[in-house]
Every structure is written in structure tokens, then in C-alpha cells.
Amino acid sequence: KMYEWNSLGKSNVSPKVVLTLKEAVPCVTFDAGGNLWISNGKRIGAISRIPKTKLYESGTPTADILLSGSGISGVQNMAFDAQGNMWVNHDEKKSVVKINAASLSSSSSAVEAGVMITCQSKPPVTITLSGPKALAFDKKGNLWIGFFGPNVIAMIPSGQQNTSATITPDVQITLSV
């Protein structure tokens, strides 16, 4: 449902637009062009793009791009970097994956991981941080990842986002939950 920004917080507000989707959607994000990307979150995953022109009319929108493949298994979070690359969590591999911007312009059933980054905790006990769930970029291009399993937020500097690797991020924030 889409609400007008100036109606939020008021009582008895009706949504301006209601989109009806064909299945549950655990994850949504927007690209720089205003298109809506959704993931079905399933092990055999799919990511769809709904063009921005379809977001302002109620109904069941049709995706203009559909992506699937081994690079997008179990996606429950997505974020775009400043270069238009999509980053997704790959729960099965306990990693985050970059899907190159060039791969996002047309449908594909063979999406492969571009760059795959796995994070480890800091010593004295080094473990693979599992359950990457939340992804966000800051204005410097650093990727922040929230790991569900160990309750850690880690920062991947922009300079470490171009090569697949297992790294131990310098910045790790452990949360008490």
C-alpha cells in the first residue's frame, strides 16, 4: 500500500494506491530510477522489477524484468550501490552477493553471483557471521550488513567490494538482544 507522505500520522487515512502481488514479498527496494524490486525470498529464488510507471495505479502489476538463478537463492534483503549494482543476501552461503548493474537490464534465469563476500568475526573466536539479513549503503559507499545469527552489524568499506573474499571487517558492532 502506498500512502501520501503528508497523510502519515493522521487518523482514518486511506492508501492512495494498493498493489496486489501474486505471492508473499519479504523484501522490497527501489533503484535510483524509482523502479520497485521485489524478492520472493524462497530457496529457489526470484527477483522481479515493477517499473515505476506501474506503481501509481492500484491493481496487480506485471513485472518487466524477472531474475532467477544460483546467485539469488533465498534473498530476503537487497540494496543498490551508487553504481547501480544490486547487493543481496545469499543465506545458504552465509554471504552477500553483488549482481552487476549490466545484469539487471533484462530478464534472466541464470543470474550468477558477481562478487561474493563472506564475513568473519574478530578474534579471539573467529567464526563465519551467519544470517546476513539487512543491507544498506552509507553516503561514502560502505556496505553495512546486519547478521541475524550472531547479532552483529558489520561494515564493508567501499574499497573491499570489488573482489570475492572472506574478510574480517574492522568495524563490527555486537548487539545485545
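Conventions adopted
Residues numbered from 1 in each chain as written. Predicted model: local features only at pLDDT ≥ 70, side-chain atom pairs only at ≥ 80, totals over all residues. Heavy atoms only, no water. Helix = DSSP H or I, 4+ residues; strand = E, 2+ residues; numbered from the N terminus. Polar contact = N/O pair within 3.5 Å; in protein donor to acceptor, adjacent residues only side chain to side chain. Contact = heavy atoms within 4.5 Å. Buried < 20%, exposed > 50% of the residue type's maximum accessible area, 1.4 Å probe, protein only. Pairing = 2+ DSSP bridges. Axes fitted to C-alpha atoms, helices over the stretch in contact; angles between N-to-C directions.

### Notes on the side chain of Asn 142
In step 1: Residue position: Asn 142 is located in the loop between strand 9 (132-137) and strand 10 (143-147).
In step 2: For Asn 142, the side chain forms a polar contact with the main-chain nitrogen of Ser 158, separated by 3.2 Å.
In step 3: For Asn 142, the residues in contact, after removing those within four places along its chain, are Ala 136, Phe 137, Met 155, Ile 156, Pro 157, Ser 158 and Gln 161.

### A look at unusual backbone geometry
In step 1: Note the cis peptide between Pro 123 and Pro 124, where omega equals 20°.
In step 2: On the secondary structure map, Pro 124 appears in the loop between strand 8 (115-119) and strand 9.
In step 3: The residue Asn 12 is not glycine, and still its phi comes out positive at about 55°.
In step 4: Since its relative accessible area comes to 80%, Asn 12 is described here as exposed.
In step 5: One non-glycine residue, Asn 151, lies in the positive phi region at around 55°.

### Thoughts on the sheet that holds strand 5 (residues 78-80)
In step 1: Strands sit in the order 5-6-7-8-12 across an open sheet of five strands; the sheet is mixed. Looking at which strands have only one partner, the edges of the open sheet turn out to be strand 5 and strand 12 (165-167). Between one strand and the next, the sheet's axes are offset by a mean angle of 25°, whatever the strand orientation.
In step 2: Summarising the sheet, strand 7 (residues 95-99) and strand 8 pair through four bridges and their orientation is antiparallel. Paired with Lys 98 across the strands is Val 115, a residue of strand 8.

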